Amino acid sequence: MYASPSEYRPPQSLQPGYGLHTPPSLYPGSVASQVQVGRKPSNASAISSVHPSVARNSSLTNSATTDTTRSSGYSDTLQFRSSSSVATTLDRGNSVGSYASRADSEDYPPPPPAKSEPRTPQQTYAPQPGPSQTPVAGSSGPTWQEREKDIFQQLQDIKRPLQVHEGYDDEYYDDEDPSEDGDDRFFNPALLSHIAVRLRDKVPRGTHVKGSIPYERAFTGRDIVSTIQSLIQRELLVTHNISTNDRRAALQIARSLQSQLFFYEVEWGGRVLQDGVEDVYMFLDDQEGTSDARIEREELPSSVMTWMTKCYTALCDEEHPCYSYSCPRRRGASETTIAAPETEQKEEKDDWISTVPAELLETLPRSEVNRQSVIHKLIGRERQYLRDLDTVESLFIQPLRRANPPIIRPSEIDEFIDEVFGNILDLRECNRRLLEVMFVRQREQGLVIQGIGDIFLDAATEFRLAYPNYMGHLPAAEKRMKEEQEKNAEFRRFLEQCARHPDAHRLDLKHFLSRPSEHLQKYPPTLEAICKETTDGNPDIEFLQEAIEAIRKLQTISQLWTFQTAMNKGPSGKLEWYNLVAEEVRAAMPKKEAKRQSIIFELIKGEMDYVKDLENIDIMYVQPLREMDPPIIPRDRLAQFIQDVFHNFGELHMHHRKMLNTFHAIQREEHPVIHSITAAVYDAVLNFRDSYMDYIPNYPIAAYRIDDEMATNPAFNGFVESCTRLPDARKLDMKNFINRPIPRLLRYELLLKGILEETPEGHEDRETIPQVLELIKALGKDTEPGVVSAKQKVEVWRYNSALVFKPGEAIDMDLLNENRSLIHTGKLYRQPDGGFEWSGWTELFVLLFDNYLVMTKTKERDGITKYQVYRRPIPLDLLTLANFTDQPTQRNAGLLRRGRGGADRSEGYSPGPSAVPGNSPDTATDSRAVYPCTIHHNGRLGGLWTLFADSAQARNEWKQKLEEAIGLRKVVQESNKVFEVETLSADTFLVPSLLPNGGTTAYSSDNALTGKVTCSVPFNTADGRGLVAIGCAEGVWIGFRHDSRSMRRVLHLKMVTQCAMLEDFGIFLVLADRALFAYHIEALVPSSPQSPHTSQTPQKLSGNKDVHFFSVGNLNGRTLVIYMKKKGLDSVFRVLEPVIGKINERAEAPRTFGSRLGLRSQRSEWFRVYRDFFLPSESFDLIFLKARIVILCTKGFEIMDLTDFKSVTIPQRDDPRLEKLTKRCEACRPMGMFRSNNNEFLLCYDEFGLYVDRHGDPSRSIQTIEWEGTAERVACHPPYVLLFDSRFIEIRDIETGRLCQIIPGNDMRCIWDGRGTTTNPAQTPGPEGWTEGMTQEPRVHGVMNSTEPAPPGNTRGPRPVAQHVFELIPTIPLYLPGSLSSPSQSTYFAQSNSPPHSPRLNPALSWRS
C-alpha cells in the first residue's frame, strides 16, 4: 500500500486536469519524479458544512477516498482517489474527516514495499467499477492488490460514508438562509476539517502573478492566515485568553493544512507557508474552465489541534479550572502550548549574483547586475528594519504592559507608551505594506525586477503623515524616557535586561527609537544608486527621480516637525530658517524674500518660546504649589495667591497655543516659502484682547504678591530659588515668567513692521499688517490706565506692609481695600518739642491716603525701608486746614521756638512766625527757610498740629492735595455712607441759647422751650399707628414718625431721662426725676374716645426718687423690667414682670389724695416683683442677653444668671501679661457689650474697644481699638457699632473695628440705642457672621443742635436753638458684594420686609389741635 519515492514511480502521463508537478523538495530522494493522482472532488464537503445531519445511506455507497499520511515531514505520501462525484462527508461527532484517519487510528499494518522497476506511460491507476473501487497499480503483484482490497473492504465494513440522495445538488441550497453560514453551534475550531471547510468558502481568491504567469482563483499566504485568524480569534480570546492580534495559531493551522495538500503553491516550490505575499497558492480542485464545469473536491484534511480543545473534565469550568497544569482553561496554558511556529528563514545573501543562474547572468549587462544587486540589498534592509520594529513591540511594549509587578504604574502605562513609542507601530504597518508590494513585484517579475520607483513613490505618499509625526515626537519621547530612567530604578533594570536579549543585539531602546529616522535617511542615496544604474529609456527613471524628491521633501517635513515639537529645546530646537531650507532653494530666492521668510520664522520661533514659557508657569509653579504637602503657602491663602499672581495666564496660553498650531500648520503646508501669517495673527489679536486687558493691569499686583510672600515666607523663597535653577527656567525667576506676556506684545509690533518692510508691493500683507499693528497699539494704550491704577494700589499695599505702629497703638486703616488710593507723599519737618535747637528738627515722611493722613519717620535696615508711625493717623473726616499762610521761619533761628513746637493743642492758638522776632528768613531763597502748615484734628487725641515744608511750592502743593483729598473723601462718604440721617423732628424741641454773660434763659410757661431731649422710643399702637415718643426736660412728646408738626406733649413731667414701650402689654414706662412710672398707652394716645383704658391712671413702679436707670428686655420667654437704685456704694436691682390680667382689668381705683394728683398707690398692680438682688459696685447700665444679663459697672462687665445669681466679671484680670490692659480697663467706663460673631464679643469702653472670647479673654493680637472720640453713649445696629461723641458719631464695623463713617454734628447725643422695646429682640450673628439677617429698620435715634437758630416765635430774648431729632437708617453702599467689592469690605444689608419709613396715617387719627 505504501511505497517509498525511490521504489514507486508514477506514470509519465496523467489524465487531463490531474497532472501536478511535484518538485524534488517535496519528495526527497526522487529527482524530478511525477505523480499522477486521480481526483474528482464532490459536493459532499460543502453540503456537510451546512447540513451536518445528512443520513447515512449504505445502499448508495460509491467509493471511499483515503488520504493517509505516514511521516511528520509528509515526505512519503501515497494518495488514493475515487472517480465518484460524491465523497465522504464530515462526521462532526467523532472528529473523523476521512477513512484515512480511522485507518490510522486502528493501526493497520503497513503494505509491503512495491517492486522497483521501470514504469511505462500506460502503467496508471485506473478506477474500477463497483461499490468498492480501489486503485490498481499496473505492475503490482496479486498480493498487493488483494491486500489492498481487504483493507478497503474492512474500512467500508467499519464505517459507511455519509452520502446524499441523488436528487440533492448544489442548487438546492442556494436559496438557504445566509444566516446559517454564520451558525457556529456545530463549528469546532479544534478540528482541522471544520476549519478547512470554512477556509475553502471564505478565503479571498483573485488573480495573482508569479514568475510573469497570472494565476486565477489564487491567494497568498497572508490571505490564508488572515482567513483562519478570523475563524478562530473569538475562540482564542474567549476560551484561551489569547490576543486577537496574535497570528501564531492561525499560521500553525495554515501550515498543517499545507502539509496535507489542502492547497498547493503554484510553482510547487516546497517552501513552508509564511504570513506574507511572497508565494501564491491554489486549491487542488479550483480548475479553469467554463462556469458549468463539474467541480470536484478532494477529501478534507484531518487533525485535532489539542491546544484549542476544551478540557474533558466535567468538573472543570471557567472560574475553577481543573488540577491539570496544561488545562486549556488555565490562564496562559494555551499561550505556552502555541509555540512560535518555525519560520523558514533563509539567510538572504547580500550578493544578488549568487541567487541567479549563470546562464541568465551572462545575458544581463553590468549596469543591470549592479541595479538588481542594489534592489536586492534594499529589500534585505527593509526586512531587517521590520524585524527591528517587531523587536520594539515584542521586547519593550508588550513586556511593559504585562509586567507583574508593574514597572510603571498601571494608571500611567498607556500614557507612557504613547509618549515614548508614539506611532512606531503605524510605521511598521507602512513599511510592511511597502515590503509586501516589493515581494509582489519580485514574485511577478522574477529574478530581474524591471521597476521599483513607482513603489517608493506611492510609499512616500503613505509615509507623509506617519514619519513626520513620529520624528517630530522623537525628542519629547527621548526626554520622557530619560526622566523615567532617572526616577524609576525598575525601568532602568528593565532596559538593561532588554539590551542583553539576543534579539536586541546589545542595542538599547534609544537606538531602536531612532531607527525610523536613520532608515528614512537611507532611502534617497539607495534610490539614487538604482537610478544611476538604470538604463536610459527605462520608465522607472522618472518614477525613481520623483520618489527621491518626494522622500527628500518628506525628510524636510520631518525635520520641520522635529523642530516644531522640540519647542526650541535640544539640538533640533536650535535650528534656524537657513538650516531648514535647502541651499539651492535659498540661492534661487530673492534676497528680500529670504529676509522676509527669516523674519516670519523668527516670529514663529519666538511664539514657540513664549508658549513654552506659559506652559512652564503651570509646570514649574502652579502645579507644585497646589500639590506640595505640606503646603508652602497655607491652604486658606493658596487659591487667592495663585489667582493674584498667575491670574488668567491659562487664557493667554489657550489663545497663543491656538495661534502657534496655526503657524505650524502653515509651515508644514507651505514650507519653505510661507505666503503669509498675518491672518492668524489678526485672528489671535482679536481673540486675546480681553485676556490681555485683564492680565497686564494685574502684573504690578502679581509682582507685589511675590515680593511680599518671599519676604515673609522662607519656604516660598526657597521654592522660587529652586525653580530658578531648573533647566527650563533659563535662570529666570518667577517674576520674569509673570512679566513675559507684556513685552511679547511689543515684540509682535516690531516683527510685523519688519515683515511689512520686506513685503513686495501688491501683496495682501501690505493692507492687513497695518490693521494688526493698530490693534496691538490700541491694546497697549488701553491697558495703561489699568497699569497705573494697579501700581498705585500696590504702592498703597507696600506702605501698608511697611508701616510700623507703636505697641498698642495699631489701627486698621483699610489700606488693602481695592478702592484705596495714595494721593500724595512727601517730607515735612516738625519743630523740636522743647523749643531748643539742640533737640533737633525731626524730618517726617507724610503719607496722604484717601482716608487717612499718616505721619511717619523712615528707618532703613538691610535695604528694607520701614515707616515708624509718629502720631496717630488722622481720619480725613476729622481733619481741617487751619493755616497755610504764615510767614516762613528758619530752622536754626534761635533757641526759642513756636510755643510747643509742632504740636499746639490749644484750640485758639494761631500765631504766625512773624510774631517772634528774628524768625523770618533774610531772603526768600534761604535754604534754611521752612514754611508752616497748620492742621486741626477734631478727635480725642487731636488738636492743632504745625508742620513745616521746605519750600513755598511744597506747602502750596500740600494744601492743594489736602483740600483735594478732603473733598474727595466727602464725596465718597456721601455716596457710600452706611447710615443716613432721617429727621424725626426739626423745630419742635428748643433749648435756650447762651446769653452774653454766660447764662441761659429759664424755663417758663411763657416760652416754648422744651429743654434738652434725653430719650426716645418708636412703637406701634394696637390700631397700627407708627408713633415715636420723645422725652425731654419738660415732659414727653408723642407724634407720627417723620412728621414734626404732629408732635404733641402728652406728659407734663420734669427731668425725663428714659422711656420705654412694652407693646405687647400696651404699657409706656417713663423715668422722670428719678421716679419710674407706668402709663397705659391708650391713656396717652387713645385709639378712640370710647377706649376702656383712656381713663386709667398711671402707676408708680418705684418708691422713692432714687432710680438711676431701668432696662427692658426678654429673658427666657419672660418680659422683664429691671431698675437700679443706689444704696451707698452698692447697686440694688429690682426685677419686675408685667401681669397682663391686671393691666387689662377695668377696676375703679378709690379716690385718694394721691389719685387726685394723677398717682395711684405705691404698690403697683400691673407688675409683680420677680427678683431682687444687689451688686457691691457702682453700676451704669444693664443689658439683656439671651439667657443672662450684663451689668455695666466699675469692675467691668458683670454677667449674671438671674436663676441662681451666679456671676462672672469680664475681661479677665488674673493674667499678669494683661496687667497694662487691666489698668486701662479700670480707668475707663464700660459703655456696651455686643456680639461680633458666634464666639466673640466686643466690649466697648468710652475710649476704646476690646474683643474677648466666651471666657472673657482677649481674642485678638491687636488688643484694643482706640476710638477717635470719647464715647458718651454706644449703640449697635448690626453689623455696625455707633459711638456718640458730642462732636460726631463714629460708626465702625463690629467684626473688624474698622472706621466706616463719621457723622459730624454739634452737641450730639444718643437718645435711643435700640433697646426699650420688646418688639426688637436681640439679634445674633449667623454662621457667616453679620452678613445674614441684617435689618434695615432704624434702631438708633440721636439728637444734635441745629447750626441755624430756630425761627422767631413767642419767646422773648435771644432766639432759642432748635434740636434736630433724627434716626439713622442703614443704606446700601455702592460697592456691593461681587466684582466691585473690595476683599476686605463686603458690607451688605438685607432688605427688610417693612419699609424704612412708616406710612402716613389717616388724618382722622391725628391729635392735631
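Residues numbered from 1 in each chain as written. Predicted model: local features only at pLDDT ≥ 70, side-chain atom pairs only at ≥ 80, totals over all residues. Heavy atoms only, no water.

Draft legend 1. A look at the overall build of the protein. Per the secondary structure count, the protein includes 32 helices and 47 strands. A buried classification covers 49% of the 1409 residues belonging to the protein. Relative to all contacts within the protein whose residues are 6 or more apart in sequence, the contacts with residues 24 or more apart total 65%. With an accessible surface of roughly 68000 Å², the protein has 50% of that area assigned to carbon and sulfur atoms. (Helix = DSSP H or I, 4+ residues; strand = E, 2+ residues; numbered from the N terminus. Buried < 20%, exposed > 50% of the residue type's maximum accessible area, 1.4 Å probe, protein only. Contact = heavy atoms within 4.5 Å. Areas by Shrake-Rupley, 256 points an atom, 1.4 Å probe, with all protein chains shown as cover.)

Draft legend 2. Structural context of the pairing of strand S34 (residues 1189–1193). The element S34 is largely enclosed, with a buried count of five among its five residues. Here S34 shows two buried faces, one formed by Ile1189, Ile1191 and Cys1193 and the other by Val1190 and Leu1192. Strand direction decides the pairing type here: strand S33 (residues 1179–1184) and S34, joined by five bridges, are antiparallel. When the bridges of S34 are listed, Ser1179 appears paired with Cys1193. As consecutive antiparallel partners, S33 and S34 are separated by four residues. Pairing of S34 with strand S35 (residues 1196–1200), which is carried by five bridges, proceeds in the antiparallel orientation. Its bridge partner being in S35, Ile1191 is matched across the sheet by Glu1198. (Pairing = 2+ DSSP bridges.)

Draft legend 3. View of the pattern of salt bridges. If you walk through the whole model with that rule in mind, you get 68 salt bridges. Note that Glu607 is salt-bridged to Arg744, the shortest N-O span being 3.0 Å. In this pair, Glu607 is assigned in helix H19 (residues 591–627) and Arg744 in helix H26 (residues 741–758), connecting sequence segments 137 residues apart. Taken individually, Glu607 and Arg744 each receive the classification buried, so the pair is uniform in this respect. Where Glu1247 meets Arg1224, a salt bridge forms, and the shortest distance between an N and an O atom there is 3.4 Å. Of the two residues, Glu1247 is situated in the loop between strand S38 (1240–1245) and strand S39 (1248–1253) and Arg1224 in helix H32 (residues 1219–1227); the sequence distance between them amounts to 23 residues. Taking relative accessible area as the criterion, Glu1247 reaches 25% and is therefore assigned partly exposed. (Salt bridge = Lys/Arg side-chain N within 4 Å of Asp/Glu carboxyl O.)

Draft legend 4. Up close: helix H24 (residues 714–724). All of the buried residues along H24 are Phe716, Phe719, Val720, Cys723 and Thr724. Each buried residue of H24 lies within a common arc of 140° when the element is viewed along its axis, so the set occupies one face. Where H24 begins, the capping side chain belongs to Asn713, and its oxygen is found 3.1 Å from the backbone nitrogen of Ala715. (Arc of directions from axis to C-beta. Polar contact = N/O pair within 3.5 Å; in protein donor to acceptor, adjacent residues only side chain to side chain.)

Draft legend 5. Inspection of unusual backbone geometry at higher detail. Following Ile1210, the chain continues into Pro1211 via a peptide bond in cis, with omega recorded as 0°. As for its placement among the helices and strands, Pro1211 is situated in the loop between strand S36 (1207–1210) and H32. Cis peptide bonds are those with omega within 30 degrees of zero, and the linkage from Pro1278 to Pro1279 qualifies with 5°. Tracing the chain through its elements places Pro1279 in the loop between strand S41 (1273–1277) and strand S42 (1280–1284).

Draft legend 6. View of the nonpolar core. If you look at the biggest cluster of nonpolar residues, it comprises 68 residues, and the most contacted ones within it are Phe646, Phe716, Phe719, Met734 and Leu752. By residue number, the principal contributor to this core is H19, which donates 15 residues. Setting aside anything within four residues of it in sequence, one finds Met734 in contact with Tyr621, Val645, Phe646, Ile706, Phe716, Phe719 and Val720. In terms of nonpolar packing, the next biggest core, distinct from the first, is built from 59 residues, Leu389, Tyr470, Met471 and Ile530 among them. (Core = buried A, V, L, I, M, F, W, Y, C linked by side-chain atoms within 4.5 Å.)

Draft legend 7. Broad picture of the sheet that holds S38. Pairing is antiparallel across the open sheet formed by four strands, whose spatial order is S37-S38-S39-S40. The sheet terminates laterally at strand S37 (1230–1237) and strand S40 (1264–1266), the two strands that pair on one side only. Pairs of neighbouring strands in the sheet enclose a mean axial angle of 25°, with direction left out of account. Relative to S39, S38 runs antiparallel, the two sharing five bridges. Among the inter-strand pairings, Phe1241 is bridged to a residue of S39, identified as Val1252. On the sheet, H32 packs against S38, S39 and S40 and is oriented at approximately 125° with respect to S39. (Axes fitted to C-alpha atoms, helices over the stretch in contact; angles between N-to-C directions.)

Draft legend 8. Molecular detail of the packing of aromatic side chains. Within the structure shown, the criterion is met by 36 aromatic pairs. Ring centres of Phe463 and Tyr523 lie 6.3 Å apart, and the angle between their planes is 25°; this geometry places the pair in the stacked category. Of this pair, Phe463 sits in helix H12 (residues 453–487) while Tyr523 sits in helix H14 (residues 509–533); the two residues are 60 residues apart in sequence, bridging distant segments of the chain. Look at Tyr523 and you get buried, because its relative accessible area is 2%. Members of the aromatic cluster, connected to one another through ring pairs, are Tyr621, Phe641, Phe646, Phe649, Phe716, Phe719 and Phe737. In this arrangement the basic side chain of Arg198 is found over the ring face of Phe187, its NZ or CZ atom lying 4.4 Å from the centre. The aromatic ring of Trp561 is capped on one face by Arg668, whose charged end is 4.5 Å from the ring centroid. (Phe/Tyr/Trp six-rings, centres within 6.5 Å; stacked < 30°, edge-to-face > 60°. Lys NZ or Arg CZ within 6 Å of the ring centre and 35° of its normal.)

Draft legend 9. Local environment of the environment of Arg506. When you line up the elements, Arg506 lands in the loop between helix H13 (489–499) and H14. Arg506 sits 10 residues away from Glu496 along the chain, and the two C-alpha atoms are 9.4 Å apart.

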